[in-house]
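# A look at the structure
Spelled out, the chains give:
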Amino acid sequence: MLNNLPTSVRAALLFSLLIGSQAVVAIGLACGWPAGAIIASGVTLVALAAGLFIVSLKMVRTIVAEFTRNTIAMSQGNLATEIRITGNAESTAALRALKVLQEETRKTIGSIRSGAHEVSTASTEIATGNQDLSQRTEQTASNLQQTASSLSQLTANVRQSAD
């Protein structure tokens, strides 16, 4: 529940507990409360403030560790890691931004891969077409050579007949 509180609300709650512990001491002394009641009330409020501080500190450490872990994974080319975001406080904004970055990077790499596949396919088709054209050109050259040889033979025969 505290993870969903904005930082400003958590800070106000923390300071309110600390101020409240001081107020309990001042009011208890002014009203003549027994020392045990004053101490118990003050210690209880300080303990609540310390608990809130520790929970907030743990949350920040968790967020920073998660951010660091995911950033390192992404920098090593691993875009498959799942970025877990717990809560919707402003303290998780960096993780949300990192998750968007990861998703957009995945889309971009997918587009690049798709384009590279299309280029590869087109290159293969062009190479196949070039090979086919080369074979047909060789065949045509061979046919032309045979025709030239036949014409040469025919010309020699015609000359021989004419003589």
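Residues numbered from 1 in each chain as written. Predicted model: local features only at pLDDT ≥ 70, side-chain atom pairs only at ≥ 80, totals over all residues. Heavy atoms only, no water.

### Description of the overall build of the protein
Our working rule: Segments assigned H or I by DSSP are reported as helices when at least four residues long, segments assigned E as strands when at least two residues long, and all are numbered from the N terminus. Put simply, the radius of gyration uses C-alpha atoms, and a globule should come to 2.2 Å times the residue count raised to 0.38. Buried residues are those whose accessible area, probed at 1.4 Å on protein chains only, stays under 20% of the maximum for their type, while exposed residues exceed 50% and partly exposed ones sit between those limits. Any pair of residues with heavy atoms lying within 4.5 Å of one another is described as a contacting pair. Asp and Glu are treated as the negative residues and Lys and Arg as the positive ones, with His and the ends of the chain left uncounted. Charged side chains are reduced to one point each, which is NZ for Lys, CZ for Arg, CG for Asp and CD for Glu.
The number of helices and strands found in the protein is three helices and zero strands. Taking 163 residues into account, the globule formula puts the C-alpha radius of gyration at 15 Å, and the protein, at 42 Å, lies well above it. For the protein, the C-alpha atoms occupy an extent of roughly 150 × 20 × 15 Å along the three principal directions. Looking at the protein as a whole, 16% of its 163 residues qualify as buried. Sequence separation of at least 24 residues holds for 55% of the intrachain contacts in the protein that already meet a minimum separation of 6. If the 12 positive side-chain charges of the protein are averaged to one point and the 10 negative ones to another, these points end up 17 Å apart.

### Topic: the packing of helix α2 (residues 35-75) against helix α3 (residues 93-162)
The test is simple: To get an axis, a line is fitted to the C-alpha atoms, and for a helix only the part in contact is used. The angle between two axes follows their N-to-C directions and goes from 0 to 180 degrees. Note on terminology: angles under 35 degrees are roughly parallel, angles over 145 are roughly antiparallel, angles of 65 to 115 are roughly perpendicular, and the others are oblique. Handedness of a crossing follows from how the near helix is turned relative to the far one, being left-handed for an anticlockwise turn of less than a right angle and right-handed for a clockwise one. Nonpolar residues are Ala, Val, Leu, Ile, Met, Phe, Trp, Tyr, Cys and Pro. Charged residues are Asp, Glu, Lys and Arg, and all others, Gly as well, are polar.
Contact pair α2 / α3: the axes reach a minimum separation of 10 Å and the direction vectors enclose 20°. With respect to α3, the element α2 is oriented roughly parallel. Classified by chirality, the crossing of α3 by α2 is left-handed. Contact with α2, carried on its side by Ile-63, Glu-66, Phe-67, Asn-70, Thr-71 and Met-74, involves Ala-94, Leu-95, Leu-98, Leu-101 and Gln-102 of α3 and no other residues of that element. Among the residues forming the contact of α2 with α3, the class breakdown is seven nonpolar, three polar and one charged.

### Examining the side chain of Glu-66
Inspection of the secondary structure assignment puts Glu-66 in helix α2. Contacts of Glu-66, omitting those with residues within four sequence positions, involve Glu-82, Ile-83, Arg-84 and Leu-95.

### Thoughts on the pattern of salt bridges
Selection criterion: One speaks of a salt bridge when a side-chain nitrogen belonging to Lys or Arg is within 4 Å of a carboxyl oxygen belonging to Asp or Glu.
The final tally for this structure, using the stated rule, is four salt bridges. Two residues, Glu-66 and Arg-84, come together in a salt bridge whose shortest N-O distance is 3.6 Å. Taken together, the residues Glu-66 in helix α2 and Arg-84 in the loop between α2 and α3 connect sequence positions 18 residues apart. On the basis of relative accessibility, which here comes to 10%, the residue Glu-66 falls in the buried class. Overall, the relative accessible area of 48% leaves Arg-84 in the partly exposed class. One salt bridge in this structure joins Glu-104 and Lys-107, with 3.3 Å as the shortest N-O distance. Linking Glu-104 with Lys-107, this pair stays in helix α3, spanning three residues, or about one helical turn. Each member of the salt-bridge network shares a partner with another, and the members are Glu-66, Arg-69 and Arg-84.

### Let's talk about the nonpolar core
What counts, and what does not: Nonpolar cores are built from buried Ala, Val, Leu, Ile, Met, Phe, Trp, Tyr and Cys residues. Side-chain atoms within 4.5 Å join them into one set.
Counting residues in each nonpolar core, the largest one holds seven residues, listed as Met-59, Ile-63, Met-74, Leu-79, Ile-83, Leu-95 and Leu-98. Looking at this core, the elements with two or more residues in it are α2 and α3. Here the element with the most residues in this core is α2; it accounts for three residues. Sequence-distant contacts of Met-74, defined by excluding residues within four places in its chain, comprise Leu-79, Leu-98, Leu-101 and Gln-102. Core analysis: the next-biggest nonpolar cluster, separate from the first, contains six residues, Leu-14, Leu-17, Val-24 and Leu-52 among them.

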